[in-house]
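Single-letter residue listing:
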Amino acid sequence: MSRSAEAGSVLSPVTADDVDLAVRLAVRILRDAPPEGWAGKAGSLDWDCWETAEHLANDLLYYAVQLGPQSPPLDTHVPIALSRKRPGGPPVFLFADRDAGPAGLLQVLEACGALLVAMVRTTSPRVRAHHAAGVSDPEGFAALALQETLVHMHDLAEGLGLAWTPPSALCSRVLARLFPEAPGGTDPWLTLLWATGRAELPGHPRLAQWRSDSTPRS
């Protein structure tokens, strides 16, 4: 049974409050990270922990910016130029000031999260904007932000030696919105890690490739 068939009619939609909660929980955990750990690899990623947190902040900003124009583009993103600090590093719109240290990086993450929360709260649900996972609505961008925050915090927690288990309700709403065909009857957090290629599920091997679906639901 798919998760949408199991719980799609029961779960509430993803909201700005969900994004706000996830970002606040992430920042609270990351404040306890050892300063020297930010240069280490983030879980199974090829990026270090600083780059991964910077990438997450950029994701949140990207989703907010996509919802900003009066008539958002549907075939490509709002044309803010991307750049990389090193070959193989994440492409980003903005970099956190390294001189401000981890505390400054977390302020950037908080600020980008707050911008998205405000946009999701104030944008009409009828608005549509481009994303590679499908032209999306504000709830879809909130779900994408929730996915990125929860899953990249898994990468960061592995790299920084921190404990991270997000609320099951957040995981369930992300799965219902972005991964409607994910297996049902399984632990939501473990299932989200499976759906994003980071874990195995009983009877379901780890995915080598994965894709979320951010298109609006009827």
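Residues numbered from 1 in each chain as written. Predicted model: local features only at pLDDT ≥ 70, side-chain atom pairs only at ≥ 80, totals over all residues. Heavy atoms only, no water.

Draft legend 1. How the structure looks around helix α5 (residues 138-160). For α5, built from 23 residues, the straight-helix expectation of 33 Å at 1.5 Å per residue is met to within 8% by its first-to-last C-alpha distance of 32 Å. Counting buried residues along α5, 20 of its 23 residues qualify, which places the element largely inside the surrounding structure. Following α5 by one or two positions, Gly161 has its phi on the positive side, about 70°. (Helix = DSSP H or I, 4+ residues; strand = E, 2+ residues; numbered from the N terminus. Expected span 1.5 Å × (residues − 1). Buried < 20%, exposed > 50% of the residue type's maximum accessible area, 1.4 Å probe, protein only.)

Draft legend 2. Looking closely at the nonpolar core. By size, the foremost hydrophobic cluster in this structure holds 63 residues, and its most contacted members are Leu30, Trp38, Leu150 and Leu192. Secondary-structure elements contributing two or more residues to this core are α2 (16-30), α3 (49-66), α4 (101-122), α5, α6 (168-178) and α7 (188-195). Residue contributions to this core peak at twelve residues, all from α5. (Core = buried A, V, L, I, M, F, W, Y, C linked by side-chain atoms within 4.5 Å.)

Draft legend 3. Geometry of the pattern of salt bridges. All chains considered together, the criterion is met by nine salt bridges. With its nearest N and O atoms 2.6 Å apart, the salt bridge here joins Arg121 to Asp17. A residue pair is termed long-range when its members are at least 10 positions apart, and Arg121 in helix α4 and Asp17 in helix α2 qualify at 104 residues. You can call Asp17 partly exposed: its relative accessible area is 48%. Here Asp213 ties to Arg217 by a salt bridge, and the two come within 3.8 Å at their closest N and O atoms. Among the residues examined, Asp213 registers a relative accessible area of 29% and is labelled partly exposed. Where salt bridges share partners, they join Asp137, Glu139 and Arg177 into one cluster. (Salt bridge = Lys/Arg side-chain N within 4 Å of Asp/Glu carboxyl O.)

Draft legend 4. View of the packing of α2 against α4. Remark: α2 packs on α4, axes separated minimally by 9 Å, with the N-to-C direction vectors making an angle of 175°. Judged by the angle between their axes, α2 and α4 are roughly antiparallel. Residues Ala16, Asp17, Val19, Asp20, Val23, Val27 and Leu30 of α2 form the contact with α4, whose participating residues are Leu106, Leu109, Glu110, Gly113, Leu116, Val117, Val120 and Arg121. Of the residues belonging to the contact of α2 with α4, the class tally is ten nonpolar, one polar and four charged. (Axes fitted to C-alpha atoms, helices over the stretch in contact; angles between N-to-C directions. Parallel < 35°, antiparallel > 145°, perpendicular 65-115°, else oblique. Contact = heavy atoms within 4.5 Å. Nonpolar A, V, L, I, M, F, W, Y, C, P; charged D, E, K, R; others polar.)

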